[in-house]
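For reference, the chains in residue letters:
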Amino acid sequence: IGLARKMSCRDVPDAVPFVILLHDFAADRSQWDSYVKIFTDAGLAVLQYDMRGFGESRLPRVSGDRTSYLNSLVNDVPALIEYIRNQPRSEGQLIHMVGLGLGANIAFVANGSGLGIAQTVLIAPNSQDGLPDGAAVEHFQATDVFGLTNEAGRPAMDMLMARTAEPKQVTDVL
């Protein structure tokens, strides 16, 4: 599956930590464009990508229902991590994830799936039926998760954080 992606990094000779930015439902990788400079100025390399069926990424034939499709989006994360690990600037560096909405759910499941994600930031994850939440992953154990939510999104965040080991933190925003 070809995933459309964009990598950004300051021009430095050393290896740098990476952050993968995951967009919300009905958006694409450009949702993060105005934030990339903040991350690169902080010394991180940034990988933005379009999830399957969004932006410039194709939607392959998917058998099953909406739930199967949405949960299958997590299956692309190992390929993204491998792509990063093959970059000259990633040598032994940490990989972090930041997700918004559906992207937060995918980042959460990736964190708890033993893929070597260092820290994960969840912004307004969803709790709708069928969205990825880690329940279907054997030996799931999320850790080192920071969440940002508002009052309306608090139940979804609490549901995910109940499956998260320390360290974890949630901050409520307006």
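Scroll up to find the structure this text is about.
Residues numbered from 1 in each chain as written. Predicted model: local features only at pLDDT ≥ 70, side-chain atom pairs only at ≥ 80, totals over all residues. Heavy atoms only, no water.

Is there a simple way to think about the pairing of strand β6 (residues 142–149) in this case?
Sheet analysis places strand β5 (residues 120–123) next to β6, joined by 4 bridges and oriented parallel. Bridged to V121 within β6 is F146. Once the chain exits β6 it traverses helix α5 (residues 154–161) before rejoining the sheet at strand β7 (residues 164–172), and the crossover so formed is right-handed. (Pairing = 2+ DSSP bridges. Helix = DSSP H or I, 4+ residues; strand = E, 2+ residues; numbered from the N terminus. Right-handed = clockwise from strand over helix to strand, strands pointing away.)

Which parts of the structure should I look at to understand the sheet that holds β7?
Pairing between the strands of a sheet comes from backbone hydrogen bonds, and it takes one of two forms, parallel or antiparallel. Read from one edge of the open sheet, 7 strands run β1-β3-β2-β4-β5-β6-β7, paired in mixed fashion. Each end of this open sheet is capped by a strand with a single partner; those strands are β1 (5–8) and β7. Neighbour-to-neighbour, the strand axes of the sheet open up by a mean angle of 15°, direction not taken into account. Across 7 bridges, the pairing between β6 and β7 is parallel. Each residue of the ladder has a partner; that of V145, found in β7, is K168. (Axes fitted to C-alpha atoms, helices over the stretch in contact; angles between N-to-C directions.)

Can you walk me through the packing of aromatic side chains in this structure?
The tally for this structure, following the rule as stated, stands at 2 aromatic pairs. Ring geometry for W32 versus Y35: centroids 6.0 Å apart, planes at 70°, classification edge-to-face. The class for W32 is buried, based on a relative accessible area of 5%. Given a relative accessible area of 43%, Y35 falls into the partly exposed group. Seen from their ring centres, F108 and F140 are 5.2 Å apart, and the 50° between their planes marks the pair as tilted. (Phe/Tyr/Trp six-rings, centres within 6.5 Å; stacked < 30°, edge-to-face > 60°. Buried < 20%, exposed > 50% of the residue type's maximum accessible area, 1.4 Å probe, protein only.)

When you look at the environment of G92 in this model, what are you seeing that I'm missing?
Along the chain, G92 turns up in the loop between α3 (77–85) and β4 (95–100). Owing to a relative accessible area of 78%, G92 belongs among the exposed residues under this scheme. When the C-alpha positions of G92 and D65 are compared, they lie 38 Å apart, and in sequence the two are 27 residues distant.

Where do I start with the pattern of salt bridges in this structure?
When the charged atoms of two side chains lie near each other, side chains of opposite charge can form a pair. Evaluation of the coordinates by the stated rule reveals 5 salt bridges. Of the charged contacts, one joins R163 and D133 as a salt bridge, the two residues approaching to 3.4 Å between their closest N and O atoms. On the criterion of sequence distance, the pair formed by R163 in the loop between α5 and β7 and D133 in the loop between β5 and β6 is long-range, its members being 30 residues apart. A relative accessible area of 32% means that R163 is categorised as partly exposed. For R154, the salt bridge is made with D172, and the minimal N-O distance between the two is 2.8 Å. Of the two residues, R154 sits in helix α5 while D172 sits in strand β7, which places them 18 residues apart along the sequence. Residues participating in the shared-partner salt-bridge network are R154, D158 and D172. (Salt bridge = Lys/Arg side-chain N within 4 Å of Asp/Glu carboxyl O.)

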